[in-house]
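Spelled out, the chains give:
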Amino acid sequence: MSKLVIVGTVAFDAIETPFGKTDKILGGAATYIGLSASNFNVDSAAVSVVGGDFPQEYLELLKNRNVDIEGVEIVKDGKTFFWSGKYHNDMNSRDTLVTELNVLEHFNPIVPENYKDADVVMLGNLHPAVQQGVLNQMTKKPKLAILDTMNFWMDIALDDLLSVIKNVDVITINDEEARQLSGEYSLVVAARKIHEMGPKYVVIKKGEHGALLFHNGNVFYAPALPLEEVFDPTGAGDTFAGGFAGYLAKTGDFSFENMKTAVIYGSTLASFCVEKFGTERMQNLTDKEIYKRLDQFKSLTQFDIELT
Ligand code: AMP
């Protein structure tokens with residue numbers, strides 16, 4: 001079975017959308033990635049840090065979905081990373097209200113011994129120096145290294161980010177961040193510039209407008225499934241990344257053709273994430289539900305046309 005190392009925040013989030021507001025609930029990039037990847041039966045491990053204030057039951061939740069948590073350090077006298085965001089009425093954009101790094105400020109990641117030879121490494125949203133620190137610990141070069149990041153790190157740690165971007169095969173990033181990173185408005189030009197920074201594959205996530213995969217002058221596009229209920233987009237990007245990485249780790253095929261399917265899996269899983277607040281919808285997702293939605297995805301995107 002393929003091994004997958006997942007890096008990212010394990011966090012408290014407080015979210016406000018037009019449909020409601022939450023107090024501190026379970027969140028974090030590694031949490032969403034782990035829950036999403038757990039649907040592929042890969043041997044995965046999360047590398048992160050939390051404070052003594054973090055409920056054990058939240059960690060158990062990951063463990064119960066077969067995500068190894070040996071690499072999640074608990075700093076007993078520290079506070080867990082906290083993020084708070086408020087969505088605009090269209091839910092396509094949000095403002096970050098609070099980012100408290102807390103225990104993340106002095107985090108030294110440790111990859112569990114048994115996962116240092118993992119085939120796939122998913123570097124989720126976290127300080128780019130920590131992402132690089134994880135890559136440095138791998139005893140053999142991963143077959144696939146995927147990186148996700150956000151504007152926060154572009155603003156405060158751009159040099160570190162550019163260094164780690166050089167060392168990955170795939171970057172997953174949202175449209176606004178792709179524009180910020182490249183300085184280009186056109187996503188096609190932005191993808192080309194990001195290619196030049198290192199990654200052979202560039203995935204640009206466009207929220208409810210789907211996702212684009214760029215490689216060697218080829219582009220693939222997957223729409224997002226039109227949904228009846230969208231309550232909270234938080235974690236959709238990470239859930240996409242978890243589905244993408246989980247599917248690739250499971251199949252062990254890192255070709256462009258297979259990455260197209262990985263984009264479909266990522267989009268499908270993200271479509272569940274947004275239906276409830278926080279991680280709620282992802283906690284008990286079943287294979288049957290995923291299968292049904294993949295089928296809907298297929299009919300949404302399939303058409304025959306005779307070109308004469
Ligand atoms: P997404 O909606 O996919 O962009 O991810 C939202 C998740 O990212 C939330 O659960 C937050 O805890 C986490 N997050 C927010 N800001 C940061 C940051 N600067 N670094 C790492 N994770 C973050």
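Look above for the structure.
The notes below deal with the structure included here. Everything numeric here is computed off the predicted structure, so don't read it as measured data.

## Some thoughts on the site of the ligand
Okay, so step 1: Neighbouring the ligand are 19 residues; D13, G28, R94, G235 and D238 lie closest to it.
Okay, so step 2: Separating an oxygen atom of the ligand from a side-chain N or O atom of D13 is a distance of 2.4 Å.
Okay, so step 3: Within the contact set of the ligand, an oxygen atom lies 2.9 Å away from a side-chain nitrogen or oxygen of R94.
Okay, so step 4: With the chains in place, 94% of the 510 Å² that the ligand exposes on its own is no longer accessible.
Okay, so step 5: Secondary structure elements with two or more residues in the shell around the ligand: β2 (11–17), α4 (151–156) and α8 (236–251).
Okay, so step 6: Top element by residues in the shell around the ligand is α8. It accounts for three residues.
Okay, so step 7: Here the residues of the shell around the ligand sort into nine nonpolar, seven polar and three charged.

## Focus: the environment of L101
Okay, so step 1: By the element assignment, L101 lies in the loop between β9 (94–100) and β10 (120–123).
Okay, so step 2: Sequence-wise, L101 and K298 are 197 residues apart; in three dimensions their C-alpha atoms are separated by 41 Å.
Okay, so step 3: Once you skip the residues sitting within four places of it in the chain, L101 turns out to touch F81, F152 and W153.

What counts, and at which threshold
Residues numbered from 1 in each chain as written. Predicted model: local features only at pLDDT ≥ 70, side-chain atom pairs only at ≥ 80, totals over all residues. Heavy atoms only, no water. Near = heavy atom within 4 Å. Polar contact = N/O pair within 3.5 Å; in protein donor to acceptor, adjacent residues only side chain to side chain. Areas by Shrake-Rupley, 256 points an atom, 1.4 Å probe, with all protein chains shown as cover. Helix = DSSP H or I, 4+ residues; strand = E, 2+ residues; numbered from the N terminus. Nonpolar A, V, L, I, M, F, W, Y, C, P; charged D, E, K, R; others polar. Contact = heavy atoms within 4.5 Å.

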